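The primary structure of each chain is shown beneath.
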Amino acid sequence: MQAHEANAVLYPVLLRGRQLEHGDAEAVIIGGMVLDIHATPSTRANPGTTTPGKVCYVQGGVARNVAECMSKLGAKPYMISVLGLDMAGNRLLEHWKSAGLSTEGILKDKDIETPVVCNIFDVNGEVAAGVASVEALEKYLTPDWILHFKSTLLSAPVLMVDANLSCPSLEASCRMAADTGCPVWFEPVSVTKSRRISSIAKYVTFASPNEDELIEMANALSGGDGFHPLKENHNKSNLSTASLFQMLKPAVLVLLEKGIKVVLVTLGSNGAFLCSKGGPSCFKIPIEKTNRCGFVGQLYKTVMQMCPPNCYSGFLELDRSSRLFAVHFPSLPASVVRLTGAGDCLVGGILTSICAGLDIMQSVSVGIAVAKAVVEVEANVPSAFSLAAIADDAKSVLCGAKVLFHQSMLRTKGR
């Protein structure tokens, strides 16, 4: 029996006679739950021999990291994923349950090999090499399984999908969101998988590529290879923020003209570019779909007090739906321990803020503040966040944000 045939039999058995557990007004996250194995040498590693160091298990996976980050900020995201009944799967599942999050959307089966990624770090905390075994995500996280949870999107403020999904599953997820009027956030995961944007761009509200993923997405959407990574020809450390944006702008324009509403280009220590066809108020969650309970409510109130919408110096004139705008958000100084998880938690912080009713400018500022907290710990997601520290850091980011570009939408033909 093929995997899709087995799933068709399995799903009704799992769901028959049960009422869905999902709550109201919570984000839905579809993608990978992965056990990460982190190997960090205590001295510079030499090829062909073992090196003393530290090996640890860390809960990972882009979608899982985003969802856990949101939960640590007080949200209760609804996770749709797959796990095996093996050591890795049991470890991930127990951690998920301990966070008080629903496991209903997680397919669990003995035939599934839980996704595992082994990363080897250098002495500076950056990934030197890695091996990923994540085939189960494409094999078992199928459209059939995903479509069983369409009702979760009726009240969801946003759906996030990561590019670990197969193209059919991405398309099914996005069509499901379109049918229920739910905006979609696309997380590219990697340069190779970022190309999966090509079949779903028209459904996507937000995308969050890094520079290399942006280039690959632009090539996939334009049907060519005319865009090249900057590192091939330029020393980025010598570029000004404005010059870096000018080099990336043609690729950004491709994504926007293909239908993506908001492109957030993450730049690591250089911060992020927020680009859109509309102004800072181009996207806000309807009030009935916001969640302002508990920690999330405190986050909303604190950020609104410290970073009110009217504090955007020079941004108010940007709020015109026919305009293209780009804003640079600076990064924050941090005592870096490890960089893995920072990008995922950046997205988690932004999504939590959007779902609380903050605007996109405030939300990106919160996301960068959350990312700072992440790089200062060893885990992919910190055990807890400080509300005061996040709000204070978000204010610093917002105060340092600068408009880079603002004009009528340009065509990319001939570029």
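Since this is a predicted model, take the numbers as computed values, not measurements.

Take the overall build of the protein next. Within the protein one finds 13 helices and 14 strands. A total of 415 residues make up the protein; the buried ones form 54% of that total. Here the analysis covers contacts within the protein between residues at least 6 apart in sequence; of these, 76% occur between residues at least 24 apart. Accessible area of the protein: about 17400 Å², with a carbon and sulfur share of 51%.

Attention now moves to the sheet that holds strand S6 (residues 116–121). Reading across the sheet, the four strands line up as S3-S2-S6-S7 and stay open at both edges, with mixed pairing between neighbours. Looking along the sheet, the strands with just one partner apiece sit at the ends: strand S3 (53–60) and strand S7 (127–133). Direction aside, neighbouring strands of the sheet carry axes that sit 15° apart on average. Note: S6 against S7, six bridges, orientation antiparallel. When the sheet's bridge partners are listed, cysteine 118 is paired in S7 with valine 131. Packing against the sheet, helix H3 (residues 87–98) makes contact with strand S2 (34–41), S3 and S6, and its axis sits at approximately 65° to S3.

The predicted model of the protein has a mean per-residue pLDDT of 86, with 85% of residues at 70 or higher. Long-range and interchain partners of residues 1–23, a stretch whose pLDDT sits below 50, account for 32 contacts in this model, where long-range means more than four residues apart. Counting interchain partners and residues more than four positions distant, the pLDDT-below-50 stretch residues 409–415 has 18 contacts.

This part covers the packing of aromatic side chains. Applying the stated rule across the entire model yields four aromatic pairs. Seen in terms of ring centroids, tyrosine 78 and phenylalanine 149 are 6.0 Å apart; in terms of plane orientation they differ by 50°. Their pairing is tilted. Residue tyrosine 78 is located in strand S4 (residues 78–84), and its partner phenylalanine 149 is located in the loop between helix H5 (143–147) and strand S8 (159–162); the two are separated by 71 residues in the primary sequence. Summarising the burial analysis for this pair, tyrosine 78 and phenylalanine 149 share the class buried. On the numbers, 5.4 Å between centres and 80° between planes, the contact of phenylalanine 245 with phenylalanine 273 is edge-to-face.

The next subject is the pairing of strand S12 (residues 272–276). The buried fraction of S12 amounts to five of the five residues, a majority that puts the element mostly inside the structure. Residues Ala272, Leu274 and Ser276 of S12 are buried on one face, and the alternating residues Phe273 and Cys275, pointing to the opposite face, are buried as well. Across five bridges, strand S11 (residues 262–266) lies against S12 in antiparallel orientation. Bridge pairing in S12 places valine 263 opposite cysteine 275. In this antiparallel pair of consecutive strands, S11 and S12, the connection spans five residues, and glycine 268 shows a positive phi of 65°.

Between its terminal C-alpha atoms helix H9 (residues 241–257) stretches 23 Å, which fits the 24 Å expected from 17 residues at 1.5 Å a residue. The largest bend in H9 is about 45°, located at lysine 249, with the proline proline 250 one to four residues further on. Listed in full, the buried residues belonging to H9 are Leu244, Phe245, Leu248, Lys249, Pro250, Ala251, Val252, Leu253, Val254, Leu255 and Leu256. Immediately beyond the C-terminal end of H9, within one or two residues, lies glycine 259, with a positive phi of roughly 120°.

Between the first and last C-alpha of helix H13 (residues 387–400) there are 20 Å, a value that for 14 residues agrees with the 20 Å anticipated at 1.5 Å per step. Leu387, Ile390, Ala391, Asp393, Ala394, Val397 and Leu398 are the residues of H13 that are buried.

The next thing to look at is the packing of helix H2 (residues 62–72) against H3. In the contact formed by H2 and H3, the axes pass within 11 Å of each other and the chain directions differ by 20°. Looking at the two axes, H2 sits roughly parallel to H3. The way H2 lies across H3 gives a crossing that is left-handed. Facing H2, whose interface residues are Arg64, Ala67 and Glu68, H3 presents Leu92, His95 and Trp96. When the residues that make up the contact of H2 with H3 are grouped by side-chain class, the tally is three nonpolar, one polar and two charged.

The next thing to look at is the side chain of serine 194. Position of serine 194 among the secondary structure elements: in helix H7 (residues 191–194). By relative accessible area, which is 0% here, serine 194 ends up buried. Setting aside residues up to four positions removed in sequence, serine 194 forms contacts with Phe186, Pro188, Glu213, Glu216 and Met217.

Here we come to the pattern of salt bridges. For the coordinates displayed, the defined rule picks out nine salt bridges. With its nearest N and O atoms 3.0 Å apart, the salt bridge here joins glutamate 216 to arginine 195. Of this pair, glutamate 216 sits in helix H8 (residues 211–222) while arginine 195 sits in the loop between H7 and strand S10 (206–207); the two residues are 21 residues apart in sequence, bridging distant segments of the chain. What you see here is one network of salt bridges that share partners, running through Arg64, Glu68 and Lys72.

By the secondary structure assignment, arginine 64 is in helix H2. With a relative accessible area of 1%, arginine 64 lands in the buried category. What arginine 64 contacts, discounting residues up to four positions off in sequence, is Gly32, Met33, Gln59, Met79, Leu92, His95, Trp96 and Val381.

Counting 63 residues, the largest nonpolar core has Ile29, Trp185, Leu274, Phe329, Leu351 and Val370 as its most contacted members. Counting residues per element, this core draws most heavily on helix H12 (residues 360–375), at nine residues. Residues Leu107, Tyr140, Leu214 and Val254 belong to the second largest nonpolar core, which totals 60 residues.

Parameters at a glance
- Residues numbered from 1 in each chain as written.
- Predicted model: local features only at pLDDT ≥ 70, side-chain atom pairs only at ≥ 80, totals over all residues.
- Heavy atoms only, no water.
- Helix = DSSP H or I, 4+ residues; strand = E, 2+ residues; numbered from the N terminus.
- Buried < 20%, exposed > 50% of the residue type's maximum accessible area, 1.4 Å probe, protein only.
- Contact = heavy atoms within 4.5 Å.
- Areas by Shrake-Rupley, 256 points an atom, 1.4 Å probe, with all protein chains shown as cover.
- Pairing = 2+ DSSP bridges.
- Axes fitted to C-alpha atoms, helices over the stretch in contact; angles between N-to-C directions.
- pLDDT = per-residue confidence, 0-100.
- Phe/Tyr/Trp six-rings, centres within 6.5 Å; stacked < 30°, edge-to-face > 60°.
- Expected span 1.5 Å × (residues − 1).
- Bend = angle between axes of the 7 residues up to and from the residue.
- Parallel < 35°, antiparallel > 145°, perpendicular 65-115°, else oblique.
- Left-handed = near helix turned anticlockwise from the far one by under 90°.
- Nonpolar A, V, L, I, M, F, W, Y, C, P; charged D, E, K, R; others polar.
- Salt bridge = Lys/Arg side-chain N within 4 Å of Asp/Glu carboxyl O.
- Core = buried A, V, L, I, M, F, W, Y, C linked by side-chain atoms within 4.5 Å.

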